[in-house]
Amino acid sequence: MNKVVASFYNSFLSEKVKEKSEVIIVYIAILSFILHLLLIGLVNLDFITVTDHSKLLSNPISAIYTPFSFILIYEVYLLLYYLPKSTSIYIGKQYEIISLIVIRRIFKDLSNLEVSLNWFSIKNDLLFTADLLAIVLLFFLIYVYYKLVKNSKIEKAEIMTPAISKFISLKKTIATCLVPVFLILSVYSLGHWLYESFFSFSKIVIDIKDINKIFFDDFFTILILVDVMLLLFSFLHSDKFNIVIRNSGFIISTILIKLSFSTEGIMNIVLIVTAVVFGVALLKIHNQFEKI
């Protein structure tokens with residue numbers, strides 16, 4: 001069984017595969033950007049007709065949304081890649097993903113801005129401004145988070161005991177199992193969204209699910225379950241209070257990110273920022289706890 005897991009792990013999550021995946025994603029992102037621009041041009045020239053709710057085909061600026069979607073896919077892959085290597089970096093990748101989702105939303109909303117003197121009285125413009133402020137704050141918080149990770153004694157050097165070795169093997173198994181889940185969920189989410197956006201004529205389509213929630217809502221639900229499992233198995237190699245609190249807090253942080261997908265407007269931003277602030281604060285206290 002270990003040999004099978006090791007074989008699949010090396011086939012999907014090795015350093016060589018990561019580098020190849022990065023190149024492939026970049027080319028796909030560039031190609032998708034060009035194709036999206038081409039589609040928008042065909043729509044504007046009336047060569048093809050789409051339904052009114054297909055806002056992603058109404059403005060060239062919205063084409064930026066597509067390559068960012070593929071960058072997000074690569075970020076999800078990196079999350080799985082770092083899962084067996086470092087719990088802290090694995091959580092950091094979650095923060096990167098939600099930040100990129102906010103940036104992608106900004107690009108989408110740019111095409112719908114109403115530039116006027118009444119900027120602060122228009123709801124969409126206010127939300128756009130809040131997103132801009134949120135992404136600056138998130139960027140700074142993620143910088144602080146990784147600085148804390150770098151300074152963490154546990155991340156710098158950890159004695160490889162048999163218990164820790166088994167725990168790392170378990171994380172490799174979980175990461176390997178998540179790869180097909182990630183692929184199936186991404187293909188299903190993309191296919192379902194394309195069908196509802198361009199081929200379904202039911203009334204439900206008018207209230208189509210926010211495209212920022214597609215895939216990631218379900219994926220973060222899976223991550224919560226994975227985080228809980230990792231917390232329980234972590235007791236096999238360490239029962240230190242600060243590690244238990246840190247890992248438990250990371251689960252709460254992931255849950256807050258998951259909850260953000262079910263909210264809109266300012267509440268969505270508040271939940272996202274709170275999740276990252278909570279994670280940074282816990283890691284800071286954890287590092288201080290390690291010093292004593």
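The present account deals with the structure reproduced in this document. The model shown is predicted, which means the values in this text are computed figures rather than measured ones.

## Focus on the overall build of the chain
Okay, step 1: For the chain, the count of helices and strands is ten helices and zero strands.
Okay, step 2: Secondary structure elements of the chain, listed N to C terminal, follow the sequence α-α-α-α-α-α-α-α-α-α.
Okay, step 3: Residue pairs at least 24 apart in sequence account for 76% of intrachain contacts in the chain once pairs closer than 6 positions are excluded.
Okay, step 4: Just so you have it, the chain exposes about 16,100 Å², and 71% of that area is on carbon and sulfur atoms.

## Some points on helix H5 (residues 123–151)
Okay, step 1: Under the 1.5 Å per step criterion, the end-to-end length of H5 is 42 Å for 29 residues, consistent within 8% with the ideal 42 Å.
Okay, step 2: Looking at H5, one finds that the buried residues are Asp-125, Phe-128, Ala-130, Asp-131, Ala-134, Ile-135, Leu-138, Leu-141, Ile-142, Tyr-145, Leu-148 and Val-149.

## What about the pattern of salt bridges?
Okay, step 1: For the structure shown, the criterion picks out five salt bridges.
Okay, step 2: For Lys-93, the salt bridge identified is with Glu-96, shortest N-O distance 3.2 Å. On the criterion of helical spacing, the pair formed by Lys-93 and Glu-96 is a turn pair, its members being three residues apart in helix H4 (residues 87–110). Comparing Lys-93 with Glu-96, the two get one shared label, buried.

## Quick word on the packing of aromatic side chains
Okay, step 1: Taken as a whole and judged by the stated rule, the model has 14 aromatic pairs.
Okay, step 2: Aromatic pair Phe-182 and Phe-219: ring centres 6.4 Å apart, planes at 65 degrees, arrangement edge-to-face. Of this pair, Phe-182 sits in helix H7 (residues 162–198) while Phe-219 sits in helix H8 (residues 216–234); the two residues are 37 residues apart in sequence, bridging distant segments of the chain.
Okay, step 3: By relative accessible area, which is 6% here, Phe-182 ends up buried.
Okay, step 4: For the ring pair Phe-215 and Phe-216, a centre distance of 5.0 Å and an interplane angle of 80 degrees mean the geometry is edge-to-face. In this structure, Phe-215 and Phe-216 share a single accessibility class: buried.
Okay, step 5: Its guanidinium or amino end placed over the ring of Tyr-81, Lys-18 lies 5.5 Å from that ring's centre, counting from NZ or CZ.
Okay, step 6: Here the basic side chain of Lys-85 rests over the ring of Tyr-81, its NZ or CZ set 3.9 Å away from the ring centre.

## Overview of the side chain of Ser-260
Okay, step 1: Note that Ser-260 resides in helix H9 (residues 241–260).
Okay, step 2: Those residues in contact with Ser-260, other than ones at most four positions away along the chain, are Ile-98, Asn-268, Leu-271 and Ile-272.

## Brief notes about the environment of Phe-289
Okay, step 1: Among the structural elements, Phe-289 can be located in helix H10 (residues 265–291).
Okay, step 2: On the basis of relative accessibility, which here comes to 37%, the residue Phe-289 falls in the partly exposed class.
Okay, step 3: Sequence separation between Phe-289 and Phe-241 is 48 residues, and the spatial gap between their C-alpha atoms is 9.4 Å.
Okay, step 4: Ignoring any residue separated from it by four or fewer positions in sequence, one finds Phe-289 in contact with Phe-241 and Asn-242.

## Some details on the nonpolar core
Okay, step 1: Formed by 58 residues in total, the largest nonpolar core has its most connected members in Leu-13, Leu-80, Tyr-95, Ile-97, Tyr-145, Phe-216 and Phe-219.
Okay, step 2: Listing elements by their share of this core, those giving two or more residues are helix H3 (65–82), H4, H5, H7, H8, H9 and H10.
Okay, step 3: A per-element tally of this core places H5 first, with ten residues.
Okay, step 4: With residues up to four places along the chain from it excluded, the contact list for Ile-97 reads Leu-72, Glu-75, Val-76, Leu-79, Phe-216 and Phe-220.

## A closer look at the packing of H9 against H10
The geometry of a pair of packed helices is captured by two quantities: the angle between their axes and the separation between those axes.
Okay, step 1: It is at 8 Å that the axes of H9 and H10 come closest, and there the two elements cross at 170 degrees. The pairing of H9 with H10 is recorded here as roughly antiparallel in orientation.

## Some points on the environment of Asn-124
Okay, step 1: Within the fold, Asn-124 resides in helix H5.
Okay, step 2: Considering only alpha carbons, one finds Asn-124 and Gly-265, 141 residues apart in sequence, at a separation of 8.9 Å.

## Quick look at the packing of H4 against H8
Okay, step 1: H8 packs onto H4 with a crossing angle of 165 degrees between their chain directions and a minimal axis gap of 13 Å. The orientation of H4 relative to H8 falls into the category roughly antiparallel. Regarding H4 and H8, the two cross each other, and that crossing is left-handed. When H4 is examined against H8, the residues Tyr-90, Ile-91, Gln-94, Ile-97, Ile-101 and Arg-104 are found in contact with a partner set consisting of Phe-216, Phe-220, Leu-223, Val-226 and Asp-227.
Okay, step 2: For the contact of H4 with H8, the class distribution of residues is eight nonpolar, one polar and two charged.

Conventions adopted
Residues numbered from 1 in each chain as written. Predicted model: local features only at pLDDT ≥ 70, side-chain atom pairs only at ≥ 80, totals over all residues. Heavy atoms only, no water. Helix = DSSP H or I, 4+ residues; strand = E, 2+ residues; numbered from the N terminus. Contact = heavy atoms within 4.5 Å. Areas by Shrake-Rupley, 256 points an atom, 1.4 Å probe, with all protein chains shown as cover. Expected span 1.5 Å × (residues − 1). Buried < 20%, exposed > 50% of the residue type's maximum accessible area, 1.4 Å probe, protein only. Salt bridge = Lys/Arg side-chain N within 4 Å of Asp/Glu carboxyl O. Phe/Tyr/Trp six-rings, centres within 6.5 Å; stacked < 30°, edge-to-face > 60°. Lys NZ or Arg CZ within 6 Å of the ring centre and 35° of its normal. Core = buried A, V, L, I, M, F, W, Y, C linked by side-chain atoms within 4.5 Å. Axes fitted to C-alpha atoms, helices over the stretch in contact; angles between N-to-C directions. Parallel < 35°, antiparallel > 145°, perpendicular 65-115°, else oblique. Left-handed = near helix turned anticlockwise from the far one by under 90°. Nonpolar A, V, L, I, M, F, W, Y, C, P; charged D, E, K, R; others polar.

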